[in-house]
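Residues per chain are reported as follows:
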Amino acid sequence: MSHGVDLLKLWDAAGTFARGVIFVLLFMSLWSLSVAITKAIMIWRSQKATKKFAPEFSRAIQEENLEKGIALAEKNPKSHVAKVLGGALAEVKPLIQDRATITSADINSAERAVEREMLITLADFKRGMGVLATVGATAPFVGLLGTTMGIVTAFTGMAAAGASGGLAGISAGIAEALITTAFGLMVAIPAVWFYNYFTTKIENLTVEMTYSSKELIDYLIKS
C-alpha cells in the first residue's frame, strides 16, 4: 500500500533554511497571483467597454458623424480603444466645433496624439509583466537552492551518524529537501502560463488599438 506525502510532517522536520525558502516561494506565489488577478480584471473591463464602444464608433465614422464619435469616446473612458482615440479626437474637436478645415498639420498632430496615448495605454497593460516573468524564471532555482542545502544537510547527518545511519537515515532528509524544488515548480508554472496568456492578450489589444486609430486617421485624411 502506497503512502501519501505528509506535508505537515515534512514541515515539522524541515530546517530553518528550508522553511525560509518555502516562505520566499509563498511570497513569490502570492505576488504573481495578485498581479495576474489585477491584470485579468483590468483587461476584462477594458474589453467589455470596447465591445460596446468600437461598433458604435465605426458606425459613426461610416456615417461621417465625427461629433457622435467624440461623444462616444468621452463616454467610454475604460475602453483601451477609446483612450487611444481620445488623444486624436481632442486635437480635432475644436476644429469640428469651429467648423474649421482640417489640414495635414492637424492630421499629423492627431497621429502623434494617437501614438502618445497608445504608449501610455500599453505601459498600463504591461505593468506587472516583469513580476510574472521573474517569478516564472527564478522560482525553480529558489526551490533548487533549498533542495541543494537540504541534501547537504542530510549527507552531513549521515556522515556524523557513521555506518549506523545508512540509507534509511537520510531518506527522510532527502524527501524534505526535494519538496522545495516541487514547490518551486508549482509556483513557476502558473506564473509562466499567466505571462504567456497576458502577452498574447496585450498583442491582440494592440492590434485593436492600431486598427481603430488607422480608421480614424483615414477618415480625417478623406475629409
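Described in the following lines is the structure provided in the data block.

Conventions used here
- Residues numbered from 1 in each chain as written.
- Predicted model: local features only at pLDDT ≥ 70, side-chain atom pairs only at ≥ 80, totals over all residues.
- Heavy atoms only, no water.
- Salt bridge = Lys/Arg side-chain N within 4 Å of Asp/Glu carboxyl O.
- Buried < 20%, exposed > 50% of the residue type's maximum accessible area, 1.4 Å probe, protein only.
- Phe/Tyr/Trp six-rings, centres within 6.5 Å; stacked < 30°, edge-to-face > 60°.
- Helix = DSSP H or I, 4+ residues; strand = E, 2+ residues; numbered from the N terminus.
- Axes fitted to C-alpha atoms, helices over the stretch in contact; angles between N-to-C directions.
- Parallel < 35°, antiparallel > 145°, perpendicular 65-115°, else oblique.
- Left-handed = near helix turned anticlockwise from the far one by under 90°.
- Contact = heavy atoms within 4.5 Å.
- Nonpolar A, V, L, I, M, F, W, Y, C, P; charged D, E, K, R; others polar.
- Patch = residues over 30% accessible without salt bridge, like charges linked within 9 Å, V, L, I, M, F, W, Y side chains within 5 Å.
- Areas by Shrake-Rupley, 256 points an atom, 1.4 Å probe, with all protein chains shown as cover.
- Core = buried A, V, L, I, M, F, W, Y, C linked by side-chain atoms within 4.5 Å.

1. Section: the pattern of salt bridges
Reasoning step 1: Under the criterion given, the structure shown has one salt bridge.
Reasoning step 2: The shortest N-O distance in the salt bridge between Asp124 and Arg127 comes to 3.1 Å.
Reasoning step 3: Taking the relative accessible area as the measure of exposure, Asp124 reaches 23% and is therefore partly exposed.
Reasoning step 4: Judged by relative accessible area, Arg127 falls into the exposed class, the value being 57%.

2. Observations concerning the packing of aromatic side chains
Reasoning step 1: Per the counting criterion, the structure on display carries four aromatic pairs.
Reasoning step 2: Ring geometry for Phe27 against Trp31: centres 5.7 Å apart, planes inclined by 35°, an arrangement best described as tilted. With Phe27 and Trp31 both in helix H2 (residues 16-62), this residue pair falls four residues apart, about one helical turn.
Reasoning step 3: Residue classification places Phe27 among the exposed positions, given a relative accessible area of 52%.
Reasoning step 4: Among the residues examined, Trp31 registers a relative accessible area of 42% and is labelled partly exposed.
Reasoning step 5: Cluster of aromatic residues (ring-pair linked, three or more members): Phe194, Tyr197 and Phe198.

3. Some thoughts on the packing of H2 against helix H3 (residues 66-75)
Reasoning step 1: Following both chains from N to C, one finds H2 and H3 inclined at 165°, their axes separated by 8 Å at the closest point. Overall, the two elements H2 and H3 adopt an arrangement that is roughly antiparallel. The two elements H2 and H3 meet at a crossing, and its hand is left-handed. Touching Phe53, Glu56, Phe57, Ala60 and Ile61 of H2 are Leu66, Lys68, Gly69, Leu72 and Ala73, all from H3.
Reasoning step 2: The residue makeup of the contact of H2 with H3, split by class, is seven nonpolar, one polar and two charged.

4. Details of a nonpolar patch on the surface
Reasoning step 1: A contiguous nonpolar surface patch, about 270 Å² in accessible area, is contributed by Phe17, Leu145 and Met149.
Reasoning step 2: Mapped onto the elements of the fold, Met149 is located in helix H6 (residues 129-161).

5. Some details on the nonpolar core
Here is a general trend for soluble globular proteins: nonpolar side chains tend to be buried in one another's company.
Reasoning step 1: In this structure, Phe53, Phe57, Leu66, Leu85, Leu89, Leu216 and Leu220 are the most contacted members of the largest nonpolar core, which totals 44 residues.
Reasoning step 2: If you list the elements that add at least two residues to this core, you get H2, H3, helix H4 (80-97), helix H5 (104-126), H6 and helix H7 (166-222).
Reasoning step 3: Examining the composition of this core, we find that eleven residues originate from one element, H7, more than from any other.
Reasoning step 4: Apart from residues lying up to four places away in sequence, Phe53 is in contact with Leu72, Ala73, Asn76, Ser79, Val81, Ala82 and Leu85.

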